[in-house]
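Structural description and commentary
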Amino acid sequence: MLSRLSEWFWNERLWFPEGHGWANLEDRDGVIYSKTSDLWVTLPIALIFLIIRQVFERTVAVRLAAALGVKEKVRVTVAHNSVLESYFRTTSKNPKQGEVESLGKKTGFSERQIHRWFRRRRNQERPNQMKKFKEASWRFTFYLLAFIAGLAALIDKPWFYTMEEMWAGFPMLPLLPSQYWYYMIELGFYMSLLFSVASDVKRKDFKEQIVHHVATILLISFSWCVNYIRAGTLIMLVHDASDYLLESAKMFNYAGWRKACNYIFIVFAVVFMITRLYILPFWIIRCTWVYPLTIYPPFFGFYFFNGLLFVLQCLHIFWAILILRMAIKFLPGNNIVEDERSDREETESEEDETPMKNGPVQNGHSPLNNNHHRKNE
């Protein structure tokens, strides 16, 4: 059964245009091609990244945070109450007005005291500034180094300037050492992100991030297996071009450097729009979707590869909308650019301003004043 499934899965007609197959990718005359077995290397690389990240966050990130003046807000620890704690863990972290009244009868607390208890308890669950800074600084370091390395590997290649060159000689495209390490390191890093997603800071686009990581891993892996390497390296470079800017903006935001954060964010927004909404769809995807049809008939692998690119492009549009929302809020002169995906910490001043007569609070504000949005990380 497994043998038949494997034979069907690796059928050449699925992954290659007519007249080509796995035999085309066999090493010959000193020329090396990509191998599916090479992908096993990414597992130990992913584990190494997880180890390096722990060391980095506990040493370099901590010192960098101190240098930039990252400060933790003092959080008030709630007094333990078994009734409220049980409700918080098993029922809801945001009780409605009717439930607040019921909890008040059970505990003897006033409505304001119950709202205060839940607000402070929710804050205890939220990640602190230092954790966010460490994560951002780790991703910033990788994305910056990956972008520099990718640019160095591609700057002298003809397909960097003329996209159609990525298919010259396909599928017999020789594997270069720089392409090998660029692929293995990028794939290993994204796998490490998928492994650590449970412990990382969760934001409102958590599901979209999972889809992005999975689609990226599949895209990189598939392009390696069928020798779409030239297209794959260009796609990875386009993604790395803006990611390090976003992470650096977040670092300055957590450190309280508002102007630096806002300026970097605007640069990031411009680079993101150019690379993800213009270069990727109109240059690269055009050369993976339209141009190949002029040199060979479509096949399953062609649709699969471009389907994954379409998924990523949909996510880019989703994030572009969030970025535009932030940019619009920035233009009138807001001095803080917040992350639309982040769960903003509720403050003590908010709880004092919350009128109980207006019913349940939302995000620390009454329904009539619940017009605060959050940003994207």
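What counts and how
- Position labels on residues start from 1 in each chain and follow its written sequence.
- Given that this is a predicted model, residues contribute local features only at a pLDDT of at least 70 and side-chain atom pairs are listed and counted only at 80 or more, while totals for whole chains, interfaces and linings are drawn from all residues.
- Only heavy atoms go into the side-chain values, all of them from the structure, while hydrogens and water stay out.
- What counts as a helix is a DSSP run of H or I of at least four residues, what counts as a strand is a run of E of at least two, and both are numbered from the N terminus.
- Each residue's exposure class comes from its accessible area (1.4 Å probe, protein chains only) as a fraction of the maximum for that residue type: buried when under 20%, exposed when over 50%, partly exposed otherwise.
- Any pair of residues with heavy atoms lying within 4.5 Å of one another is described as a contacting pair.
- For cavity detection a 1 Å grid was placed over the protein atoms alone, and a set of points counts as a cavity when a 1.4 Å probe fits there but cannot get out; an open set counts as a pocket when protein lies on both sides within 12 Å along at least five of seven lines, with lining residues being those that have an atom within 4 Å of a point.
- Grid points are joined across faces, edges and corners, and a volume is the space filled by probe spheres set on the points.
- Under the scheme applied, nonpolar residues are Ala, Val, Leu, Ile, Met, Phe, Trp, Tyr, Cys and Pro; charged residues are Asp, Glu, Lys and Arg; polar residues are all the others, including Gly.
- For a helix, the expected span equals 1.5 Å multiplied by the number of residues minus one.
- Within this analysis, the arc is defined by the directions that extend from the helix axis to the C-beta atoms.
- The working definition used for a salt bridge is a side-chain nitrogen of Lys or Arg within 4 Å of a carboxyl oxygen of Asp or Glu.

Quick notes on the overall build of the chain
- Within the chain, the regular secondary structure consists of 15 helices and one strand.
- With 377 residues in all, the chain has 49% of them scored as buried.
- In the chain, once contacts between residues fewer than 6 apart in sequence are set aside, the share between residues at least 24 apart is 79%.

Re the layout of surface pockets
- Roughly 400 Å³ of volume is contained in the second largest pocket.
- Lining the second largest pocket are 19 residues, with L39, L218, S221, F222 and C225 sitting closest to its centre.
- Elements that contribute at least two residues to the lining of the second largest pocket include exactly α3 (42-58), α10 (177-196) and α11 (206-225).
- With six residues, α11 is the single largest residue contributor to the lining of the second largest pocket.
- Counted by class, the lining of the second largest pocket contains 16 nonpolar, three polar and no charged residues.

Some thoughts on α3
- Taking 1.5 Å per residue, 17 residues should reach 24 Å; α3 reaches 24 Å between its end C-alpha atoms and fits that length.
- All buried positions along α3 are accounted for by T42, I45, A46, F49, R53, F56 and E57. Axial view of α3: buried residues confined to an arc of 100 degrees, hence all on one face. Facing away from the buried side of α3 by more than 90 degrees, the exposed set consists of I51 and R58.
- Those residues of α3 that are buried lie in contact with α4 (60-68), α8 (129-154) and α10.

Points about α4
- Inspection of α4 places A61, A65 and L68 among the buried residues, and these make up the whole buried set. When α4 is viewed along its axis, its buried side chains cluster within an angular range of 70 degrees and face the same direction. Among the exposed residues of α4, those oriented more than 90 degrees off its buried face are R63, A66 and A67.
- On the buried face of α4, the contacting elements are α3, α8 and α12 (229-255).
- Looking at the residues trailing α4, positive phi occurs at G69, about 80 degrees.

Quick notes on the pattern of salt bridges
- Overall, the coordinates contain ten salt bridges when judged by the stated rule.
- For E135, the salt bridge goes to K131, with nearest N and O atoms at 3.5 Å. With E135 and K131 both in helix α8 and four residues apart, the pair spans about one turn of that helix.
- What makes K131 partly exposed here is its relative accessible area of 32%.
- Two residues, D156 and K157, come together in a salt bridge whose shortest N-O distance is 2.8 Å.
- On the accessibility criterion, D156 (55% relative accessible area) is exposed.
- On the accessibility criterion, K157 (13% relative accessible area) is buried.

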